[in-house]
Amino acid sequence: MFVYADNAATTSVSKTALDAMMPYLTEFYGNPSSLYAFGQKAAEALAASRETIAACLNADPKEITFTSGGSEADNQAIVSAARLGARKGKKHLISTQFEHHAVLHTLAKLEKEGYEVTLLNPHEDGVIRVEDVEDALRDDTCLVTIMFANNEIGTVQPITEIGALCRERKVLFHTDAVQAAGHTPIDVKAMNIDMLSISGHKFHAPKGVGVLYARRGIALTNIIEGGAQERGKRAGTENVAGIVAMAAALKESCDHIEENAAKIIPMRDRLFEELGKIPHSKINGSLEHHVPGTVNMCFEGIEGESLLLMLDDNGICASSGSACTSGSLDPSHVLLSIGLPHEVAHGSLRLSIGEYNNMDEIDHIIKVVPEVVAYLRSISPVWDELEKGTRKHLI
């Protein structure tokens, strides 16, 4: 049996998205910046997609900028806020230790330019507390950027409350919502969000297309120069087919959020319940504040990379963390940030399921994972030491 359980890394393109995009690859392939009618057909599709996406977020279409994905949107949002802050003498930014590297690396770049960055530690349950943000705010803070849902452990942050605090203190608030969009309701107005990033391939659109929402009145700094596209804020001919597909996929996902969650959550909870029976295993992250489909666990005495390879041999696609760092042998910075020791974090497994999965696939995972963990422990000198008592169990 083949089981795709890595939807947090990427999703398949839905039939709805594929059907929507095909005419703009084969029939209406004009450049949307062209003045003739053929090009304007593509421009009309862009405008309609902008309206659709804005409606899904409760935003204004003029607040939507199309990007190549979440990483570009994160970069532009953070740099824009930093430049606006610097004009007012404010060069302090607040974020968290367990952000996506698109955020962390952008902040590190700004530090080299003389900005100050405060990275908050999430609590053991993988949730940031509003009071921690409040304590970190300073008179010279220009931005708070905190992800909506963590990409590795699936915990959802108190976005509305953090946004309200930032609005009260007149500090811009950005959230990386790449893992949340299409999976949990988002209302940028009600949640006090000033800027937000999403990426189409996380909710059944193609790779290479995303959105930066920026509240009206926020002047964006250009990351890409060269043309007047996207109201002069993002140069380059728009990926019309991808954008049309993204709009269709986001609307479909948002229209079925409750229905999809009702299917996914029982599968997720069954994985937690059954895999949690493996001795010396640990579930990572709050189960109360959680996106529907992410399961993150650690199994003591094994290496995550070996686990993934053996799961692959059994037809199961999974990960040990973010796909953007899957080539790294270092333990997950997310798991370290919530207090797991290196030895435990090395044995992590992330399963991320979606509405296209079914309970038969979940049963296959439940059968295979304990067998693979048991085998890896049987050949592990570390596990031998743990069992003999010469090394202390950490889980």
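Refer to the preceding data block for the structure.
My aim in this report is to walk through the structure given alongside it, one point at a time. (Residues numbered from 1 in each chain as written. Predicted model: local features only at pLDDT ≥ 70, side-chain atom pairs only at ≥ 80, totals over all residues. Heavy atoms only, no water.)

Describing helix α9 (residues 257-275)
Then comes step 1: Counted at 1.5 Å a residue, the expected span for α9 with its 19 residues is 27 Å, and the 26 Å between its end C-alpha atoms agrees.
Then comes step 2: When the local axis directions of α9 are compared, the greatest deviation, roughly 25°, occurs at I264, which is followed within four positions by the proline P266.
Then comes step 3: Of the residues making up α9, those classed as buried are I257, N260, A261, I264, M267, R268, L271, F272, E274 and L275. (Helix = DSSP H or I, 4+ residues; strand = E, 2+ residues; numbered from the N terminus. Expected span 1.5 Å × (residues − 1). Bend = angle between axes of the 7 residues up to and from the residue. Buried < 20%, exposed > 50% of the residue type's maximum accessible area, 1.4 Å probe, protein only.)

What to know about the sheet that holds strand β9 (residues 281-283)
Then comes step 1: One open sheet accounts for three strands, arranged β9-β10-β12; its pairing is antiparallel. The sheet is open, and its two edges are formed by β9 and β12 (348-352), each paired on a single side. Each adjacent strand pair in this sheet contributes to an overall mean axis angle of 25°, direction not counted.
Then comes step 2: On top of the sheet, α9 reaches β9, β10 (294-299) and β12; it is set at about 10° to β10, its chief contact. (Pairing = 2+ DSSP bridges. Axes fitted to C-alpha atoms, helices over the stretch in contact; angles between N-to-C directions. Contact = heavy atoms within 4.5 Å.)

Looking at a negative patch on the surface
Then comes step 1: A grouping of E131, E134, D135 and E168 is seen on the molecular surface, where their side chains present a negatively charged patch.
Then comes step 2: Of the residues forming the negative patch, the biggest block, three residues, is contributed by helix α6 (residues 130-136).
Then comes step 3: By the element assignment, E168 lies in helix α7 (residues 159-169).
Then comes step 4: A residue is classified by how much of its surface remains accessible, and E168, at 61% relative accessible area, is exposed. (Patch = residues over 30% accessible without salt bridge, like charges linked within 9 Å, V, L, I, M, F, W, Y side chains within 5 Å. Areas by Shrake-Rupley, 256 points an atom, 1.4 Å probe, with all protein chains shown as cover. Salt bridge = Lys/Arg side-chain N within 4 Å of Asp/Glu carboxyl O. Lys, Arg positive; Asp, Glu negative; His and termini not counted. Charge placed at Lys NZ, Arg CZ, Asp CG, Glu CD.)

Topic: the packing of aromatic side chains
Then comes step 1: The full count for this structure, using the stated rule, is two aromatic pairs.
Then comes step 2: Each ring, one from Y24 and one from F28, has its centre 5.8 Å from the other, and the planes form 50°; the classification is tilted.
Then comes step 3: Classification of F28 as partly exposed rests on a relative accessible area of 26%.
Then comes step 4: Judged by centre distance (5.0 Å) and plane angle (80°), the rings of Y29 and F38 are edge-to-face.
Then comes step 5: Looking at K41, its charged tip hangs above the ring of F28, at a distance of 5.1 Å from the centre. (Phe/Tyr/Trp six-rings, centres within 6.5 Å; stacked < 30°, edge-to-face > 60°. Lys NZ or Arg CZ within 6 Å of the ring centre and 35° of its normal.)

Re the pattern of salt bridges
Then comes step 1: Counting across every chain of the model gives 19 salt bridges.
Then comes step 2: With a shortest N-O distance of 2.9 Å, D140 and R138 are connected by a salt bridge.
Then comes step 3: Relative accessible area serves as the criterion here: at 30%, R138 is assigned to the partly exposed category.

Spatial relationships are all this shows, so hold off on functional conclusions.
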